[in-house]
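This is what each chain is made of:
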Amino acid sequence: MRRLLRENGLSLVLLGLFLITWLCGQAVAGHHQSNAEREEHGLPPETLRQYLGSNHFLEATAENWESEFLQMGVYVMLTVFLFQKGSSESKRLGRPEPVDRDPRKARQKSFAPWPVRRGGWVLALYEYSLSLAFLGLFLICLGIHAISGCALYNEERLQHDRPPVTCTEYLLSSRFCFESLQNWQSEFLAILAMVVLSIFLRQRGSPESKPVDAPHSETGE
């Protein structure tokens, strides 16, 4: 057990923080907020279980996850061919990097992942599987955001005796654009801050930082 915790500590702690803030934080706070809004419109309150399946909860969750997966996918793809001198988040300029080597030269290595040893179209997909995974997750969350957001928007319109809109109309509305772009811009700002601040600032012991005694001009780890 101790070995398991040591080898997977980072993912386990992040998973714990995620579940606490999502289910014990967002869900509970959102439940109270939703019931307050329902009370204003003369509607009966929902139980927490009902709220977890509501459009209010699904829309808020998908809206945030969508921007996070977009952030990571864009970051992964941009760092393939763009550089930032002095940043620990960038590949080094003018020098070969291990991530750029051709995996086809390692097909005979027994320790290589199965797709590398398999080759062909399997390897072709595996070479870009990280960005493809983030793209897929982004599109799934975008779809949930669109469907649940449209349903929530129509619930609000009906409460004010206004006709419902289609999902297409909702996707083209300023509301959907605002809900998405207000999160997207913050994600891109966070990436920018990480890239630029890692040029001049350090965090001893973190692989996201250059060594404390490294010059500002040193790029990469």
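Whatever comes next refers back to the structure up there.
Here the structure is a predicted model, which means the values were calculated and not measured.

**Some words on the environment of lysine 91**
Here comes step 1: In this structure, lysine 91 sits in the loop between α4 (55-81) and α5 (114-118).
Here comes step 2: Each residue touching lysine 91, except ones within four places of it in the same chain, is listed here: Thr79, Val80, Phe83, Glu97, Val99, Asp100 and Thr219.
Here comes step 3: Here valine 80 takes part through its backbone oxygen, which lies 2.8 Å from a polar atom of the side chain of lysine 91.
Here comes step 4: Only 3.0 Å separates the side chain of lysine 91 from the side chain of aspartate 100, close enough to count as a polar contact.

**Here's the deal with the environment of tryptophan 184**
Here comes step 1: Examined against the element boundaries, tryptophan 184 turns out to sit in helix α9 (residues 174-200).
Here comes step 2: Relative accessible area serves as the criterion here: at 22%, tryptophan 184 is assigned to the partly exposed category.
Here comes step 3: Sequence separation between tryptophan 184 and glutamate 63 is 121 residues; the distance between their C-alpha atoms is 9.8 Å.
Here comes step 4: Filtering out sequence-adjacent residues up to four positions away, tryptophan 184 remains in contact with Glu66, Ser67, Leu70 and Phe138.

**Here's the deal with α9**
Here comes step 1: In this model, α9 (27 residues) spans 39 Å end to end at C-alpha, consistent with the 39 Å of a helix rising 1.5 Å per residue.
Here comes step 2: Along α9, the residues that are buried comprise Phe176, Glu179, Ser180, Asn183, Glu187, Ile191, Val195, Ser198 and Ile199.

**Here's the deal with the packing of aromatic side chains**
Centre-to-centre distance and the angle between the planes together describe a pair of aromatic rings.
Here comes step 1: Applying the stated criterion across every chain, the model contains nine aromatic pairs.
Here comes step 2: Taking the centre distance of 5.2 Å and the plane angle of 50 degrees together, the rings of tryptophan 22 and tryptophan 65 count as tilted. Of this pair, tryptophan 22 sits in helix α2 (residues 9-40) while tryptophan 65 sits in helix α4, and the two are 43 residues apart along the sequence.
Here comes step 3: Within the aromatic cluster, the residues linked to one another by ring pairs are Phe18, Trp22, Tyr51, Phe57 and Trp65.

**Some thoughts on the nonpolar core**
Here comes step 1: Ala146, Cys150, Tyr153, Val165, Tyr170 and Phe176 form the largest nonpolar core, which has six residues in total.
Here comes step 2: Broken down by element, the residue count for this core peaks at three residues, all from helix α7 (residues 129-159).
Here comes step 3: Sequence-distant contacts of valine 165, that is, excluding residues within four places in its chain, are made with Cys150, Tyr153, Asn154, Arg157 and Tyr170.

**A short note on the pattern of salt bridges**
Here comes step 1: This structure, assessed with the given rule, holds eight salt bridges.
Here comes step 2: A salt bridge links glutamate 46 to arginine 38; its shortest N-O distance comes to 3.8 Å.
Here comes step 3: For glutamate 46, a relative accessible area of 17% corresponds to the buried category.
Here comes step 4: Under the relative-accessibility criterion, arginine 38 is labelled partly exposed at 22%.

**Examining a nonpolar patch on the surface**
Here comes step 1: On the surface, a cluster of nonpolar side chains totalling about 1000 Å² of accessible area is made up of Met1, Leu4, Leu5, Leu12, Leu15, Phe18, Leu19, Leu23, Val28, Leu48, Leu52 and Trp65.
Here comes step 2: Residue placement: leucine 23 occurs in helix α2.
Here comes step 3: The class of leucine 23 is partly exposed, set by a relative accessible area of 37%.

**A word on the packing of α2 against α4**
Here comes step 1: Running from N to C, α2 and α4 cross one another at 135 degrees; their axes reach a closest spacing of 10 Å. One element, α2, and the other, α4, form an angle in the oblique class. Crossing handedness for the pair α2 and α4: right-handed. Contact residues: α2 offers Phe18, Trp22, Gln26, Ala27, Gly30, Ser34 and Glu37, while α4 offers His56, Phe57, Ala60, Thr61 and Trp65.
Here comes step 2: Broken down by class, the residue content of the contact of α2 with α4 amounts to six nonpolar, five polar and one charged.

**Some remarks on the packing of α7 against α9**
Here comes step 1: Contact geometry for α7 and α9: axes closest at 10 Å, N-to-C directions at 135 degrees. The angle between α7 and α9 falls in the class oblique. For the pair α7 and α9, the sense of crossing is right-handed. Mapping the contact onto sequence places Phe138, Leu142, His145, Ala146, Leu152, Tyr153 and Glu156 in α7 and Arg175, Phe176, Glu179, Ser180 and Trp184 in α9.
Here comes step 2: Looking at the contact of α7 with α9, its residues break down into seven nonpolar, two polar and three charged.

**Some thoughts on the side chain of serine 34**
Here comes step 1: The topology assignment puts serine 34 in helix α2.
Here comes step 2: Look at serine 34 and you get buried, because its relative accessible area is 6%.
Here comes step 3: For serine 34, the contacting residues outside a window of four places in its chain are Glu46, Tyr51 and His56.

Quick notes on the rules
- Residues numbered from 1 in each chain as written.
- Predicted model: local features only at pLDDT ≥ 70, side-chain atom pairs only at ≥ 80, totals over all residues.
- Heavy atoms only, no water.
- Helix = DSSP H or I, 4+ residues; strand = E, 2+ residues; numbered from the N terminus.
- Contact = heavy atoms within 4.5 Å.
- Polar contact = N/O pair within 3.5 Å; in protein donor to acceptor, adjacent residues only side chain to side chain.
- Buried < 20%, exposed > 50% of the residue type's maximum accessible area, 1.4 Å probe, protein only.
- Expected span 1.5 Å × (residues − 1).
- Phe/Tyr/Trp six-rings, centres within 6.5 Å; stacked < 30°, edge-to-face > 60°.
- Core = buried A, V, L, I, M, F, W, Y, C linked by side-chain atoms within 4.5 Å.
- Salt bridge = Lys/Arg side-chain N within 4 Å of Asp/Glu carboxyl O.
- Patch = residues over 30% accessible without salt bridge, like charges linked within 9 Å, V, L, I, M, F, W, Y side chains within 5 Å.
- Areas by Shrake-Rupley, 256 points an atom, 1.4 Å probe, with all protein chains shown as cover.
- Axes fitted to C-alpha atoms, helices over the stretch in contact; angles between N-to-C directions.
- Parallel < 35°, antiparallel > 145°, perpendicular 65-115°, else oblique.
- Left-handed = near helix turned anticlockwise from the far one by under 90°.
- Nonpolar A, V, L, I, M, F, W, Y, C, P; charged D, E, K, R; others polar.

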